[in-house]
Every structure is written in C-alpha cells, then in structure tokens.
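The lines below spell out each chain.
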Amino acid sequence: MSKERGLLIVLSGPSGVGKGTVRKELFSQPNTNYEYSISATTRLPREGEEDGVDYFFKTREAFEALIEEGGLLEHAEFVGNYYGTPLAYVNETLDAGRDVFLEIEVQGAAQIRKKAPDALFIFLAPPSITALQDRLEGRGTEPADVIARRVAKAKEEVEMMSLYDYVVENDEVHNACDRINAIIKAEHCRRERVEKRYIAMLKGE
Ligand code: 5GP
C-alpha cells in the first residue's frame, strides 16, 4: 500500500498568545508523534536560546540569500526581523510520512494556505487583548515600545482568524494542548485524507 504523506500542521496566532509555551508543552509530551520544524530568524537569541534548537539564528544577508535560493517554504518580516521555515526539512519529513508542526505568525500562515491548502491551520486565540498585553509585560523580555507594537500587531492578527480551520482558545496551556491533539487526531480521519489510501488499496496498488 502506498505510503501516506505526513500532515503539515500550522499553529499560528498573535504574538504573546502563548504559541511558544503551547508548542513546548506539546513537544514535552512523551506520545507526541509529529516533528517540530525549527525556523530561521534574524532576531538575536534571547537568554537561554540555542542556535539549532530554538531557531537557526542568521544574519540579514544569510537570511536574504536563503530567500533568493528558494530555501524557505514561507517567510515574513515581524517587528523588524525576518522569520522563515526551511523548506527542505518540511518536504523530507512529510515525504517520510511524518507530520510536521510549524509555529509561525499569521503572514507566514497565509502564504502556506496558498501553497499547501491541504495543510491543517490552527489559530491559537487569546482569552482577551488585555490578557495578551499582561502576558507580554509579564514575560519581561521586550521593552515597552516593542510590547506596544506587538499588541497593535495582535489586534490585526486576530482579524485574520478567518484563514484558519480551527480556533483554540489558550485559556490554560494543558487545555489548549488537549484540543490541538484532538484536532490532529480527527484530521487524520478526515475522509478526503483517508479515501485516497482506500482507493489505491481497492486498485491493488
Ligand atoms: P519570537 O521573536 O517571539 O520568537 O517570534 C515572533 C513571532 O514569529 C512569533 O509569532 C512566532 O510564532 C513567529 N515565527 C517563528 N518562526 C517563524 C517562521 O518560521 N515563520 C513565520 N512566518 N513566523 C515565525
């Protein structure tokens, strides 16, 4: 029977909504069976971040060279820095029949929606904009002007919810993770995804 291609899972939503926390929690669970795609960025590493673990940290020149050579599935400029998804890793992993998980901002998700409409798009929503601002301030990793820009961006981003298949409210990290895992499981059973395999089976392929 022909091998099914993996599922491309896109988790997106406003900055500060807790995408990173939810993603880390999902990947700390022992039964996680999807692969995390590490992004490239021109942002400087934060305290404790490691190259090749949290991001591939690049200079602007190196990042622009990657864009030029078509090495990115998507990329976006977010609050003064580039972020992008390396293409080769995504393709190789999906071809091997493994699911790939991306945690990206909304402009990048919109690009993938056009290129890979059969990907699964999950929007992580904040309980409220105030909660979002509190979380960014509480994190204490950005100065006030950057927080203000991120909150303004978040308002625009919430308006982009209509691009997504599912909306998960991040009220509690463990609830959000449970919902995301349930969505991924259900998506694997979606008739459009499964029927190709059965048609091939009936043809004896
Ligand atoms: P941070 O600087 O807080 O790590 O990330 C800023 C924003 O960039 C977050 O919303 C994060 O999800 C997003 N991001 C991280 N990697 C990528 C990527 O490869 N592509 C895009 N478009 N956004 C990304």
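Refer to the structure above for everything that follows.
Residues numbered from 1 in each chain as written. Predicted model: local features only at pLDDT ≥ 70, side-chain atom pairs only at ≥ 80, totals over all residues. Heavy atoms only, no water.

Caption draft 1: Molecular detail of the site of the ligand. Not every one of the 16 residues close to the ligand is listed here, only the nearest: Ser39, Arg43, Tyr55, Tyr83 and Glu105. Interatomic distance of 3.0 Å between a backbone N/O atom of Gly84 and an oxygen atom of the ligand. In the model, an oxygen atom of the ligand is placed 3.3 Å from a nitrogen or oxygen of the Arg150 side chain. Sorting the residues of the shell around the ligand by element identifies strand 5 (72-78) and strand 6 (81-86) as the ones contributing at least two each. In the shell around the ligand, the residues fall into five nonpolar, four polar and seven charged. (Near = heavy atom within 4 Å. Polar contact = N/O pair within 3.5 Å; in protein donor to acceptor, adjacent residues only side chain to side chain. Helix = DSSP H or I, 4+ residues; strand = E, 2+ residues; numbered from the N terminus. Nonpolar A, V, L, I, M, F, W, Y, C, P; charged D, E, K, R; others polar.)

Caption draft 2: Spatial organisation of the nonpolar core. Grouped together as the largest cluster of nonpolar side chains are 21 residues, with contacts concentrated most on Ile9, Val22, Phe101, Ile122 and Ile180. Of all the elements in the fold, those that place two or more residues in this core are strand 1 (8-12), helix 1 (19-28), strand 2 (34-36), strand 8 (120-125) and helix 7 (173-188). At five residues, helix 7 tops the list of elements feeding residues into this core. If you look at the next biggest cluster of nonpolar residues, it comprises 17 residues, including Val106, Phe123, Ala125 and Tyr164. (Core = buried A, V, L, I, M, F, W, Y, C linked by side-chain atoms within 4.5 Å. Buried < 20%, exposed > 50% of the residue type's maximum accessible area, 1.4 Å probe, protein only.)

Caption draft 3: Region of interest: the packing of helix 5 (residues 129-139) against helix 6 (residues 144-158). Taken N-terminus to C-terminus, the directions of helix 5 and helix 6 make an angle of 145°; their axes are 10 Å apart at the nearest point. Between helix 5 and helix 6 lies a crossing of right-handed hand. Seen from helix 5, the contacting residues are Ile129, Leu132, Gln133, Leu136, Glu137 and Arg139; seen from helix 6, they are Ile147, Arg150, Val151, Ala154, Lys155 and Val158. Residues of the contact of helix 5 with helix 6, tallied by class, amount to seven nonpolar, one polar and four charged. (Axes fitted to C-alpha atoms, helices over the stretch in contact; angles between N-to-C directions. Left-handed = near helix turned anticlockwise from the far one by under 90°. Contact = heavy atoms within 4.5 Å.)

Caption draft 4: Quick peek at the packing of aromatic side chains. Evaluation of the coordinates by the stated rule reveals ten aromatic pairs. Relative to Tyr83, the ring of Phe78 lies with its centre 6.0 Å away and its plane at 80°, an arrangement referred to as edge-to-face. Accessibility expressed as a relative area gives 14% for Tyr83, which makes it buried. Through a chain of ring-to-ring contacts, the aromatic side chains of Phe27, Tyr34, Tyr36 and Phe101 assemble into a single cluster. (Phe/Tyr/Trp six-rings, centres within 6.5 Å; stacked < 30°, edge-to-face > 60°.)

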